[in-house]
Amino acid sequence: MSAVLPPTTAVPHQRRHRGASLLVWLLAASALLVLLGASVGSTGFESVLHMGQDALARQIVWDIRLPRTLGAWLAGALLGLAGAVSQGLFRNPLADPYLLGSASGAALGGAVAMALLGVSPAAAGWLARLGLTSAAFAGAAGAVLLTLMLARGVQHTLRLLLAGVVVGVVLGAARDLIQVAHPNILEAMQVFTMGSSAFVGWQACILMAAAWLVCALAAWALSRLLDALMLGEATAASLGLPLAPMRAGLIAALALATGTAVAHTGLIAFVGLAAPHLVRSIARVTHPWQVWLSSLMGGVLLLAADVLARWLIAPQELPVGVLTAALGGSYLLWLMHRRTFGGGAGL
């Protein structure tokens with residue numbers, strides 16, 4: 001008798017093993033990057049080494065570096081989670097968290113707050129930061145609601161995609177008009193649109209952590225729909241799943257995750273798009289695993305990019321959104337090249 005397990009048993013077991021191994025590696029990488037992020041800055045490692053005796057060094061690490069580091073990880077985790085939900089929901093490997101117009105809505109909300117309230121991403125007061133964050137999140141939520149209204153619900157995926165594109169373009173034009181009418185906010189909007197974790201504090205970390213937990217649990221609970229949709233809309237309906245409520249719940253998690261990340265760190269490209277791709281290239285797992293692994297991968301990617309942005313030209317730093325766009329674009333070009341000339345699965 002052969003001791004080889006049947007394929008139906010061996011393949012899922014192998015996938016779970018790869019998923020568990022990747023989970024451990026991502027958690028270890030996250031812990032290492034958090035330690036590294038708390039040590040990288042304009043004063044180098046000296047602040048960490050002397051934080052026990054020097055009150056100023058302790059304040060630099062505890063009040064500036066550590067919340068920024070955790071904030072970058074949480075923003076990346078939110079974008080990675082939103083990317084996994086978006087690609088599974090729309091069955092499109094090129095879908096990203098900004099697909100429903102949430103990024104344009106958040107940028108418009110930020111522009112309105114800067115123009116009318118006079119706040120900026122560099123504001124030190126927590127009331128100003130809360131006002132900017134609230135306006136950006138309200139803009140993202142409003143954009144998603146407008147997209148749903150134009151698409152007449154969540155039943156038709158193609159109509160939802162087209163509505164998201166239209167809403168994104170229109171809200172982007174509205175933001176540009178506000179910038180033209182209020183040129184004094186151009187510099188602040190540049191910081192917002194380039195993406196930065198430099199102004200994330202402990203309050204922002206708490207808000208992002210709460211949103212991440214809610215969205216991750218919701219996406220995990222509704223991930224059966226994403227697995228079913230891989231077999232087609234008709235097959236998913238034949239399984240007896242309540243498609244419309246489950247799809248609405250996933251879109252709500254997608255909007256909350258994206259809006260929260262953009263509201264605190266601005267527009268950061270490619271993290272939500274690349275994280276699910278990297279997970280699929282390492283471990284082919286079902287969506288209950290995919291949503292968690294993509295979220296952790298997004299956190300690792302953005303935190304690594306943030307540390308790199310602080311270290312490359314220290315004591316100055318690069319906008320992390322520019323760095324993720326450059327690295328993410330290079331990654332997608334490599335995928336396209338592999339698919340076109342290498343005969344691989346590519347995208």
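These lines cover the structure that appears in this document, whether it is placed above or below. (Residues numbered from 1 in each chain as written. Predicted model: local features only at pLDDT ≥ 70, side-chain atom pairs only at ≥ 80, totals over all residues. Heavy atoms only, no water.)

1. Side note on helix H4 (residues 102-117)
Look at H4: 22 Å from first C-alpha to last across 16 residues, which is about the 22 Å you get at 1.5 Å a residue. Of all 16 residues that make up H4, 12 are buried, and the element is covered over most of its length. (Helix = DSSP H or I, 4+ residues; strand = E, 2+ residues; numbered from the N terminus. Expected span 1.5 Å × (residues − 1). Buried < 20%, exposed > 50% of the residue type's maximum accessible area, 1.4 Å probe, protein only.)

2. Overview of the packing of aromatic side chains
Tallying each qualifying case throughout the model produces two aromatic pairs. Ring centres of Trp73 and Trp212 lie 5.9 Å apart, and the angle between their planes is 75°; this geometry places the pair in the edge-to-face category. On the criterion of sequence distance, the pair formed by Trp73 in helix H3 (residues 55-90) and Trp212 in helix H8 (residues 202-221) is long-range, its members being 139 residues apart. Using a relative accessible area of 13% as the deciding quantity, one classes Trp73 as buried. Summarising the aromatic geometry, the rings of Trp212 and Trp292 are spaced 6.1 Å apart at their centres and angled 80° between planes, so their arrangement reads as edge-to-face. (Phe/Tyr/Trp six-rings, centres within 6.5 Å; stacked < 30°, edge-to-face > 60°.)

3. What about unusual backbone geometry?
If you check the backbone angles, Phe270 has positive phi at about 75° while not being a glycine. Inspection of the secondary structure assignment puts Phe270 in the loop between helix H11 (243-265) and helix H12 (271-282).

4. Some remarks on a nonpolar patch on the surface
The grouping of Leu146, Met149, Leu150, Val166 and Val170 at the surface amounts to a nonpolar patch, some 470 Å² of accessible area in total. For the nonpolar patch, the leading source of residues is helix H5 (residues 126-151), giving three residues. Its place among the elements puts Val166 in helix H6 (residues 157-181). (Patch = residues over 30% accessible without salt bridge, like charges linked within 9 Å, V, L, I, M, F, W, Y side chains within 5 Å. Areas by Shrake-Rupley, 256 points an atom, 1.4 Å probe, with all protein chains shown as cover. Salt bridge = Lys/Arg side-chain N within 4 Å of Asp/Glu carboxyl O.)

5. Concerning the side chain of Ser30
Summarising the element assignment, Ser30 is placed in helix H1 (residues 7-37). In this structure Ser30 comes out as buried when scored by relative accessible area, which is 7%. Looking at Ser30, its side chain comes within polar contact range of the side chain of Trp73, at 2.9 Å. Sequence-distant contacts of Ser30, that is, excluding residues within four places in its chain, are made with Trp73, Val300 and Leu303. (Polar contact = N/O pair within 3.5 Å; in protein donor to acceptor, adjacent residues only side chain to side chain. Contact = heavy atoms within 4.5 Å.)

6. A look at the pattern of salt bridges
Counting across every chain of the model gives four salt bridges. Across the pair Arg68 and Asp306 runs a salt bridge, and its minimum N-O distance is 3.3 Å. You can see Arg68 sitting in helix H3 and its partner Asp306 sitting in helix H13 (residues 287-311), a full 238 residues away along the chain. When sorted by exposure, Arg68 lands in the same class as Asp306, which is buried. Here Asp176 makes a salt bridge to Arg175, at a shortest N to O gap of 3.4 Å. A relative accessible area of 35% means that Asp176 is categorised as partly exposed. According to the relative accessible area criterion, Arg175 is buried, its value standing at 19%.

7. Description of the side chain of Arg310
Tracing the chain through its elements places Arg310 in helix H13. Judged by its relative accessible area of 6%, Arg310 falls in the buried class. The contacts of Arg310, once residues within four sequence positions are left out, are Gly37, Val40, Arg65, Arg68, Thr69, Gln316 and Glu317.

8. Quick notes on the environment of Leu162
Mapped onto the elements of the fold, Leu162 is located in helix H6. According to the relative accessible area criterion, Leu162 is exposed, its value standing at 53%. Distance from Leu162 to Leu99, taken between C-alpha atoms, is 9.3 Å for residues 63 residues apart in sequence.

9. Regarding H6
With 25 residues, H6 should cover 36 Å at 1.5 Å per step; its first-to-last C-alpha distance of 36 Å lies within 8% of that length. For H6, every residue scored as buried is listed here: Thr157, Leu160, Leu161, Ala163, Gly164, Val167, Gly168, Leu171, Gly172, Arg175, Ile178 and Gln179.

10. A word on the packing of H8 against H11
One way to put it is that H8 packs onto H11 with a least axis distance of 9 Å and a crossing angle of 160°. With respect to H11, the element H8 is oriented roughly antiparallel. In terms of crossing hand, the pair formed by H8 and H11 is left-handed. When H8 is examined against H11, the residues Ala204, Leu207, Met208, Ala211, Val214, Cys215, Ala218 and Ala219 are found in contact with a partner set consisting of Leu250, Ala253, Leu256, Ala257, Thr260 and His264. (Axes fitted to C-alpha atoms, helices over the stretch in contact; angles between N-to-C directions. Parallel < 35°, antiparallel > 145°, perpendicular 65-115°, else oblique. Left-handed = near helix turned anticlockwise from the far one by under 90°.)

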